[in-house]
Amino acid sequence: MMTDNNIYPIFDRMLSRQDKEELLGQHSMMIWFTGLSGSGKSTIAIALERELHKRGLLCRILDGDNIRSGINNNLGFTEADRVENIRRIAEVSKLFIDTGIITIAAFISPNNDIREMAANIIGQENFLEVYVSTPLAECERRDVKGLYAKARRGEIQNFTGISAPFEAPAHPALTLDTSVLSLEESVNKLLDLVLSKIQIKK
């Protein structure tokens, strides 16, 4: 089939997602962590990946550091760039999910519209939203990367939580506050949520 812009889709000739999932012995899914910088998103994502790996499940983590140093290294932090950042992440994630890979994303993704866009690209049925709800005061106390201090001094513009807003998810699949939950407790809650969805019953 030919389209007006000279793109020739080959999807009908490619192996299906089901073929890939059967090969890997798992159901693919997006586990999307949202929350403020320093809330613990990447730490939890890494720990979750390790636990799933122990169970023989193949995962791929996408986070701000590995995306903005590569595919999105030409984007800044304007509102338009933030939207494009998430759009590209969602499109890449969809490719991983279509390949049968459990995909774990850790991005601030600061409002419901931007997360809804990602869910629609990936597929609502494949999208689990996890809100890491650690309070701003705790995130700023940790200031893991020194970003809050720079934002307070005006050296970073449009910094979420300081000079740009964060909109909490209305109906996340799970909420984790790392100021009261340990890393182990957070991961155990995630495992309770996802294992039945991603493991193929034998």
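As recorded by an unreviewed UniProt entry, the protein carries the name Adenylyl-sulfate kinase and is attributed to Bacteroides intestinalis. Quoted straight from UniProt, the Sequence similarities (unreviewed entry) entry for the protein says "Belongs to the APS kinase family." A UniProt comment under Pathway (unreviewed entry) is attached to the protein, and it reads "Sulfur metabolism; hydrogen sulfide biosynthesis; sulfite from sulfate: step 2/3."

Student: I would appreciate a short explanation of the overall build of the protein in the present structure.
Tutor: Scanning the protein from N- to C-terminus turns up eight helices and five strands. Reading the helices (α) and strands (β) of the protein from amino to carboxyl end gives α-β-α-β-α-α-β-α-β-α-α-β-α. Since a compact globule built from 202 residues should have a radius of gyration of about 17 Å, the 18 Å found for the protein is in line with a globular shape. Here the C-alpha coordinates of the protein stretch approximately 55 × 45 × 30 Å along the principal axes. The 202 residues of the protein split such that 43% are buried. Here the analysis covers contacts within the protein between residues at least 6 apart in sequence; of these, 75% occur between residues at least 24 apart. Carbon and sulfur atoms make up 53% of the accessible area of the protein, which totals about 11200 Å². Computed over 24 positive and 27 negative side-chain charges, the inter-centroid distance for the protein is 4 Å.

Student: So what exactly am I meant to see when it comes to helix H2 (residues 41-54) here?
Tutor: Because the α-helix completes a turn every 3.6 residues, residues three or four places apart line up on one side. Taking 1.5 Å of rise per residue, the 14 residues of H2 would be expected to cover 20 Å, and the 20 Å separating its terminal C-alpha atoms lies within 8% of that figure. Among the residues of H2, those classed as buried are Lys41, Ile44, Ala45, Ala47, Leu48 and Leu52. Its buried side turned inward, H2 meets strand E1 (30-34), strand E2 (59-63), strand E3 (102-106), strand E4 (127-132), strand E5 (174-176) and helix H8 (183-198). In the segment just after H2, Gly56 is the residue with positive phi, at about 80 degrees.

Student: I would appreciate a short explanation of the UniProt feature "domain: APS kinase" (unreviewed entry) in the protein in the present structure.
Tutor: Under the present numbering, the feature "domain: APS kinase" (unreviewed entry) in UniProt falls on residues 28-177. Annotation note: span residues 28-177, helix share 42%, strand share 16%, distance between end C-alpha atoms 26 Å.

Student: Whenever I open this one, the packing of helix H4 (residues 79-98) against helix H5 (residues 112-122) confuses me. Can you help?
Tutor: A pair of packed helices can be characterised by two numbers: the angle between their axes and the separation between those axes. For the pair H4 and H5, interaxial distance at closest approach is 8 Å and the crossing angle is 25 degrees. For the element pair H4 / H5, the angle class is roughly parallel. The interaxial crossing formed by H4 with H5 has right-handed handedness. Seen from H4, the contacting residues are Arg82, Val83, Ile86, Arg87, Ala90, Glu91, Ser93, Lys94 and Ile97; seen from H5, they are Ile114, Met117, Ala118, Ile121 and Ile122. Taken together, the residues that form the contact of H4 with H5 break down as nine nonpolar, one polar and four charged.

Student: I tried to follow the side chain of Thr34 on my own but got confused; where do I start?
Tutor: Among the secondary structure elements, Thr34 is positioned in strand E1. There is a polar contact of 3.4 Å between the side chain of Thr34 and the side chain of Arg115.

Student: Teacher, can you tell me more about the packing of aromatic side chains here?
Tutor: Here a ring pair, both rings aromatic, is described through the centre-centre distance and the interplanar angle of the planes. A complete count under the given rule lists four aromatic pairs for this structure. For the pair Tyr131 and Phe166, a centre-to-centre distance of 5.9 Å together with 20 degrees between the ring planes defines the contact as stacked. In this pair, Tyr131 sits in strand E4 while Phe166 sits in the loop between helix H7 (147-152) and E5, placing the two residues 35 residues apart along the sequence. With a centroid separation of 5.0 Å and 85 degrees between ring planes, the pair formed by Tyr148 and Phe159 is classed as edge-to-face. Taken together, the positions of Tyr148 in helix H7 and Phe159 in the loop between H7 and E5 put the pair eleven residues apart, joining distant regions of the chain.

Thresholds applied
Residues numbered from 1 in each chain as written. Predicted model: local features only at pLDDT ≥ 70, side-chain atom pairs only at ≥ 80, totals over all residues. Heavy atoms only, no water. UniProt positions renumbered as here; feature names shortened; annotations may be inferred. Helix = DSSP H or I, 4+ residues; strand = E, 2+ residues; numbered from the N terminus. Rg over C-alpha atoms; globule rule 2.2 N^0.38 Å. Buried < 20%, exposed > 50% of the residue type's maximum accessible area, 1.4 Å probe, protein only. Contact = heavy atoms within 4.5 Å. Areas by Shrake-Rupley, 256 points an atom, 1.4 Å probe, with all protein chains shown as cover. Lys, Arg positive; Asp, Glu negative; His and termini not counted. Charge placed at Lys NZ, Arg CZ, Asp CG, Glu CD. Expected span 1.5 Å × (residues − 1). Axes fitted to C-alpha atoms, helices over the stretch in contact; angles between N-to-C directions. Parallel < 35°, antiparallel > 145°, perpendicular 65-115°, else oblique. Left-handed = near helix turned anticlockwise from the far one by under 90°. Nonpolar A, V, L, I, M, F, W, Y, C, P; charged D, E, K, R; others polar. Polar contact = N/O pair within 3.5 Å; in protein donor to acceptor, adjacent residues only side chain to side chain. Phe/Tyr/Trp six-rings, centres within 6.5 Å; stacked < 30°, edge-to-face > 60°.

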